[in-house]
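Structural characterization, general
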Amino acid sequence: MSGTYLGMPSFPEAAREAVHDPTLRGNLRHATHTIRDKRARAVAELDDWARLREAGKRIKDHTLRYLDRYLVRVEEAVTAAGGTVHWAADAEEANRIVADLVKATGESEVVKVKSMATQETGLNEALEAEGIRAYETDLAELIVQLGGDRPSHILVPAIHRNRGEIRDIFRSEMGEWGRPAPEGLTDTPAELAEAARLHLREKFLRARVGISGANFMVAETGTLVVVESEGNGRMCLTLPETLISVVGIEKIVPTWRDLEVFLQTLPRSSTAERMNPYTSMWTGTTDGDGPRTFHLVLLDNGRTDTLADEVGRQALRCIRCSACLNVCPVYERAGGHAYGSVYPGPIGAILSPQLRGTGSEIDASLPYASSLCGACYEVCPVAIDIPEVLVHLREKVADQGGKGHRLEGVAMRTATWLLDHPAALNAGERLASRTRKLHPKRLPGPGAREWTNSRDLPAMPPEPFRDWWKKNHA
Amino acid sequence: MTSPSSSRDRVLGRVRRALAEAPEAPEVTRDYLVTHTPDDPATVLDLLHENLVDYRAGVHRGTRQGLPSLIGRLLADHGARSVVVPPGLPGAWLAGSDARRRYDDPPLTPAELDSADAVVTGCALAVAETGTVVLDAGPGQGRRALTLVPDLHICVVDVLGQVVASLPQALPRLDPTRPTTWISGPSATSDIELDRVEGVHGPRTLEVVLVAD
Ligand code: SF4
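Since we're looking at a predicted model, the values are computed, not measured.

So, about the interface of chain A and chain B. Interface extent is often summarised as the accessible area lost during association of the parts. Between chain A and chain B, the contact holds 100 residues from the first and 75 residues from the second. With both sides pooled, the region where chain A packs onto chain B buries about 7,900 Å², and carbon together with sulfur makes up 58% of that total. Applying the counting criterion to the chain A and chain B interface returns 10 salt bridges. When the shortest N-O distance is used, the salt bridge between R204(B) and E194(A) registers 2.4 Å. Put simply, chain A and chain B have 38 residue pairs in polar contact (both at pLDDT 80 or more) between them.

This is the structure:
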């Protein structure tokens, strides 16, 4: 993953900073509580939510089980529709491919729509090193980029910045990157959005190369799907002559019809909307409409390692809705940066150590950055049993022999951090006791030999965190 | 091709090794609802209307006969002096407006689109439960950029043939080979302290006209 995060302090050290930053804590608390309440209302509108969730989970499990076939299908379909498919085994290779493709166009700047995959690979820095400037166009990403910052939330990357800070960043930095902020810019959200519109419009209108990720790719048709709110995605996908999409290999769904499930569950889980303002779907290239050249870069970068772990592989079902962040008592107090990766919160705690391995302090500490309360599992639209994976990864960290001793220390400090923040822990345990009875002991479905048979274990963690801690470490 | 074929083999090889021991996946279940709305056209239409308004689109109901004057009034109310006309738009729709026509033939440049005040289109479909209009670049809609760059989008929905209740009813009616844009209200962001603000990069005003005959 990205070099941006190399040398990150382990979770408790990074969290300590956040806990002492009152602005950050206030912003985070306001934001996560607002979204979580809205999400609950949006989900309650659909009385078949549990069935949509189960369908989403199974579609993803099925896709992952036959991922090799579906990857080949996607490749065939995209190629037949006029696109070119590239394969990247790791971040470096993905960045190399993209840089070469951009250079081949003769351009030295690109417009980008928010993409976790390219943040994961550190694409912007890699392009910068090749003399190519990448402009982030999502409002939050723009705030982060202009502020020389790192994103702290999957969906609202600038959640740690309040309006006054954003105005200051716009005033001091926009001129460096292009059109300066209007005179007398105030801190009202409407004015700040208008400033971003003006600043970015000139870039969209002259852009020749766009870079995106995708929320889904449909194997049978070769269709890519980008879900967004602002319209910057549509700009990047439509106006440039060349479009390069970098997409994790787990983003596949087998059929066009499968979108009927995820287009219901993703917007409601993520922005708590019935539907997000804009969704773009495209298949290869179309004469006279949009980019003339389309490249799809299929990214592995640790996903196949994750796939090989029979408990951990369920993390690849994630559709990046960020609902688990918004309900997490630990995330609320520690902030996104403490997770030391582009994937913060509960999903980051299980995904980063699997994508990157548990060899570094930050990655070894992440599985401990949780009170195992289970709120994340409950809201997850693809039913990822995050506590189960956390417990599994803790066992792996503890079993790590040689360097295990150093990492064990990190784990202990993380757990101590949680104990020192009883609010995080108590909120967690309270939630857990309230929700545990809602969690089925067995998931519906045939046979003990089903692929996810490890999930026949109780969905909730077998023991509360404090007990686990006492038994294993005290 | 930039990527050597060996990377393809490597990734596929890793996937196959990772799955070597994996049991078969469980059957996909589809016992979720096909629709959440009673099967009554008037109810479905009211729901579409309500949900469009909820996401701050303007909604207007009219007849085919009254369409030219309705569109003319909407363009005038927003002070639109020029309007982009996608290929295949029924000529009568703009008969009630004296806004300057900008035809996409030859294709308008991004800068030309940026200087136009409005665009008027039809659509492929509207989805009531989500308050969505779907464009698929068909006749009367034009290529995607036309409905993206101008700041006012007026979209006409044929109530008799183009309204469905739900997503499971919408997808089978769309052609995946066409570039498709799903629009649910005007462009918006909640990136600043989660206050929803209409209009960042797409059209800041969306007016939907529901036409029944
Ligand atoms: S793990 Fe589940 S809840 Fe969290 S971001 Fe992924 S899909 Fe959403």
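Here the focus is the sheet that holds strand β10 (residues 293-299) of chain A. All names here are of chain A. Reading across from one edge, β1-β10-β7-β4-β2-β3 is the order of the six strands in this open sheet, with parallel pairing throughout. The sheet is open, and its two borders are formed by β1 (84-88) and β3 (133-136), each paired with just one other strand. Put simply, the sheet's adjacent strands are angled 25 degrees from each other on average, direction ignored. Contacting β1 and β10, helix α4 (residues 67-80) runs over the sheet at an angle of about 145 degrees to β1.

Grouped together as the largest cluster of nonpolar side chains are 78 residues, with contacts concentrated most on F11(A), F216(A), L259(A), L263(A), Y339(A), I350(A) and W182(B). Counting residues in each nonpolar core, the second largest holds 36 residues, with I143(A), F170(A), C236(A) and V119(B) among its members.

As a further point, take the site of the ligand. As a structural note, the neighbourhood of the ligand is formed by C318(A), I319(A), R320(A), C321(A), S322(A), C324(A), I347(A), C380(A), P381(A), V382(A), I384(A) and I386(A). Here the shell around the ligand is built from residues that sort into 10 nonpolar, one polar and one charged.

Let us now look at the packing of aromatic side chains. Summed over the entire model, instances satisfying the criterion amount to five aromatic pairs over all chains. Plain terms: the ring middles of Y135(A) and W177(A) are 6.2 Å apart, the flat faces sit at 70 degrees to each other, and that makes the pair edge-to-face. Highlighted residues: Y135(A) in strand β3 and W177(A) in helix α9 (residues 163-177), separated in sequence by 42 residues. Of the two residues, Y135(A) and W177(A), neither departs from the other in class, the shared state being buried. Three or more aromatic residues link up through ring pairs in this structure, and these residues are F11(A), Y331(A) and Y339(A). A cation over a ring is seen here: R234(A) above Y278(A), with NZ or CZ 4.6 Å from the ring centre. Taking NZ or CZ as reference, R274(A) lies 5.6 Å from the ring centre of Y55(B), over its face.

All names here are of chain B. With respect to the element layout, G88 can be found in the loop between β2 (82-85) and β3 (100-103). Each C-alpha atom, one on G88 and one on G142, is 8.0 Å from the other, the two residues being 54 residues apart in sequence. In this view, G88 contacts P139 and G140; residues no more than four positions away in its chain are not counted.

Here the focus is unusual backbone geometry. Residues and elements named next belong to chain B. The amide bond that connects D105 to the next residue, P106, takes the cis arrangement and shows omega of 0 degrees. Relative to the helices and strands, P106 is located in the loop between β3 and α4 (110-115). You will see that R56, though not glycine, has its phi angle at about 65 degrees, which is positive. Mapping R56 onto the fold places it in the loop between α2 (41-54) and β1 (58-63). Classification of R56 by relative accessible area gives partly exposed; the value is 47%. Unusually for a residue other than glycine, A137 sits at a positive phi of about 65 degrees.

In this section: the sheet that holds β1(B). Residue and element names in this part refer to chain B. One open sheet holds the six strands; their spatial order is β1-β12-β7-β4-β2-β3, and the pairing between them is parallel. Of all the strands in the sheet, the pair left with one neighbour each is β1 and β3. Geometrically, the sheet is characterised by an average inter-axis angle of 25 degrees between neighbouring strands, direction not taken into account. Of the strand pairs in this sheet, strand β4 (residues 118-121) and strand β7 (residues 152-158) are connected by four bridges, and their pairing is parallel. Its bridge partner lying in β7, V119 is registered against H153. Where α2 meets the sheet, its contacts fall on β1 and β12 (205-212), and the angle it forms with β1 comes to roughly 145 degrees. Along the sheet face, helix α3 (residues 67-77) touches β1, β2, β4, β7 and β12 and points at about 160 degrees away from the line of β7.

So, on to the confidence of the model for chain A. When pLDDT drops low, the exact placement of atoms in the prediction is not to be read closely. Residues and elements named next belong to chain A. Taken as a whole, chain A shows an average pLDDT of 84; of its residues, 83% reach a score of 70 or greater. Per-residue pLDDT stays below 50 along residues 1-6; that stretch engages in 19 contacts with residues further than four places along the chain or on separate chains. Note that residues 428-474 has pLDDT below 50 and, in this model, 99 contacts with residues that lie over four places away or in other chains.

Residue and element names in this part refer to chain A. Between its terminal C-alpha atoms α4 stretches 20 Å, which fits the 20 Å expected from 14 residues at 1.5 Å a residue. Along α4, the residues classified as buried are L67, D68, Y70, L71, V74, E75, A77 and V78. Note on α4: the residue one or two positions beyond its end, G82, has a positive phi of about 100 degrees.

As a working rule, side chains carrying opposite charge can pair if their charged atoms are close by. Inspection of every chain in the model, using the stated rule, returns 39 salt bridges over all chains. A salt bridge links D151(B) to R197(A); the nearest nitrogen and oxygen atoms lie 2.9 Å apart. Of this pair, D151(B) sits in the loop between β6 (132-135) and β7 while R197(A) sits in helix α10 (residues 189-206), on two different chains. Taking the relative accessible area as the measure of exposure, D151(B) reaches 25% and is therefore partly exposed. The salt bridge involving R208(A) is made with E241(A); its shortest N-O contact spans 3.4 Å. With a gap of 33 residues between them, R208(A) in the loop between α10 and β4 (209-212) and E241(A) in the loop between α11 (232-238) and β7 (242-248) connect regions that are remote in the sequence. Judged by its relative accessible area of 31%, E241(A) is partly exposed. Linked by salt bridges that have partners in common, E45(A), R268(A), R274(A) and D54(B) make up one network.

Calculation rules
Residues numbered from 1 in each chain as written. Chains lettered and ligands numbered in written order. Predicted model: local features only at pLDDT ≥ 70, side-chain atom pairs only at ≥ 80, totals over all residues. Heavy atoms only, no water. Contact = heavy atoms within 4.5 Å. Buried area = accessible area lost by both parts, 1.4 Å probe. Salt bridge = Lys/Arg side-chain N within 4 Å of Asp/Glu carboxyl O. Polar contact = N/O pair within 3.5 Å; in protein donor to acceptor, adjacent residues only side chain to side chain. Pairing = 2+ DSSP bridges. Helix = DSSP H or I, 4+ residues; strand = E, 2+ residues; numbered from the N terminus. Axes fitted to C-alpha atoms, helices over the stretch in contact; angles between N-to-C directions. Core = buried A, V, L, I, M, F, W, Y, C linked by side-chain atoms within 4.5 Å. Buried < 20%, exposed > 50% of the residue type's maximum accessible area, 1.4 Å probe, protein only. Near = heavy atom within 4 Å. Nonpolar A, V, L, I, M, F, W, Y, C, P; charged D, E, K, R; others polar. Phe/Tyr/Trp six-rings, centres within 6.5 Å; stacked < 30°, edge-to-face > 60°. Lys NZ or Arg CZ within 6 Å of the ring centre and 35° of its normal. pLDDT = per-residue confidence, 0-100. Expected span 1.5 Å × (residues − 1).

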